[in-house]
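Architecture and fold: a report
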Amino acid sequence: YKIHLFGLNRNREELYRQIDSRVERMFEEGIVEEIKNLSHFKWSLTADRLIGVREVQGFLNGEYDLARAKYLMKQNTRHLAKRQLTWFRKEKRIRWLLLNSQESVEEIVKIIQSEAQ
């Protein structure tokens, strides 16, 4: 079988804008209440390390305000994205595609299909 590996990437500014937007949306959709409602459970080590959990728990514990929790969650997500990209770039078989925010899933699929031929 002929295997094609593709990595989808965005320019850093756009990636960070999307991360910031996603974090804001998570707070609007109730991440604080969700973590508060789950706080009485014993968290596994893996769950306790999820981005968002520590930041929101810090807010709930009064260590900092909500704005700081959002900032930390955005910053930690950006750091994770950077580490992931660094790790994947070591794989030389990946063909990287730089995407922009206007491209739909269908357009991305077409790009991949044309590149795979």
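Heads up: the structure comes first, above all this text.
The following paragraphs examine the structure supplied in this document. Note that the coordinates shown come from a computational prediction; the quantities given were computed from them, not determined experimentally. (Residues numbered from 1 in each chain as written. Predicted model: local features only at pLDDT ≥ 70, side-chain atom pairs only at ≥ 80, totals over all residues. Heavy atoms only, no water.)

**What to know about the packing of aromatic side chains**
Tallied over the entire structure, the rule returns 1 aromatic pair. Ring plane angle 85° and centroid distance 4.9 Å describe the contact between Trp 87 and Phe 88, whose orientation is recorded as edge-to-face. Residue Trp 87 is classed as exposed on the basis of its relative accessible area, which comes to 58%. Arg 89 extends its terminal NZ or CZ atom over the ring of Trp 96, reaching a point 5.8 Å from the ring centre. (Phe/Tyr/Trp six-rings, centres within 6.5 Å; stacked < 30°, edge-to-face > 60°. Buried < 20%, exposed > 50% of the residue type's maximum accessible area, 1.4 Å probe, protein only. Lys NZ or Arg CZ within 6 Å of the ring centre and 35° of its normal.)

**Some words on helix α2 (residues 31-38)**
Among all positions in α2, only Ile 31, Val 32 and Ile 35 are buried. Axial view of α2: buried residues confined to an arc of 100°, hence all on one face. If you follow the buried residues of α2, they end up packed against α1 (12-28), α4 (53-60) and α5 (66-89). (Helix = DSSP H or I, 4+ residues; strand = E, 2+ residues; numbered from the N terminus. Arc of directions from axis to C-beta. Contact = heavy atoms within 4.5 Å.)

**Regarding the side chain of Glu 55**
Within the secondary structure layout, Glu 55 lies in helix α4. For the buried Glu 55, no salt bridge is present, and the opposite-charge side chain at shortest range is Arg 54, 5.1 Å distant. When sequence neighbours within four positions are dropped, the list of residues in contact with Glu 55 reads Leu 50, Tyr 64, Ala 69, Leu 72, Met 73 and Asn 76. (Lys, Arg positive; Asp, Glu negative; His and termini not counted. Salt bridge = Lys/Arg side-chain N within 4 Å of Asp/Glu carboxyl O.)

**Remarks on the side chain of Lys 74**
Take Lys 74: it is sitting in helix α5. Setting aside its immediate chain neighbours within four residues, Lys 74 contacts Ile 19, Asp 20, Val 23 and Glu 24.

**Notes on the nonpolar core**
Judged by nonpolar contacts, the single largest core of 13 residues is most densely connected at Phe 27, Ile 31 and Val 56. At the level of secondary structure, the elements contributing two or more residues to this core comprise α1, α2, α4 and α5. If we skip the residues at most four places from it in the chain, Phe 27 touches Val 32, Val 56, Leu 66, Ala 69, Lys 70 and Met 73. (Core = buried A, V, L, I, M, F, W, Y, C linked by side-chain atoms within 4.5 Å.)

**Considerations on α4**
Of all the positions in α4, only Val 53, Glu 55, Val 56, Gln 57 and Gly 58 are classed as buried. Elements that come into contact with the buried residues of α4 comprise α1, α2, α3 (45-48) and α5. Taken from the residues just after α4, Gly 62 is the one with a positive phi, measuring 80°.

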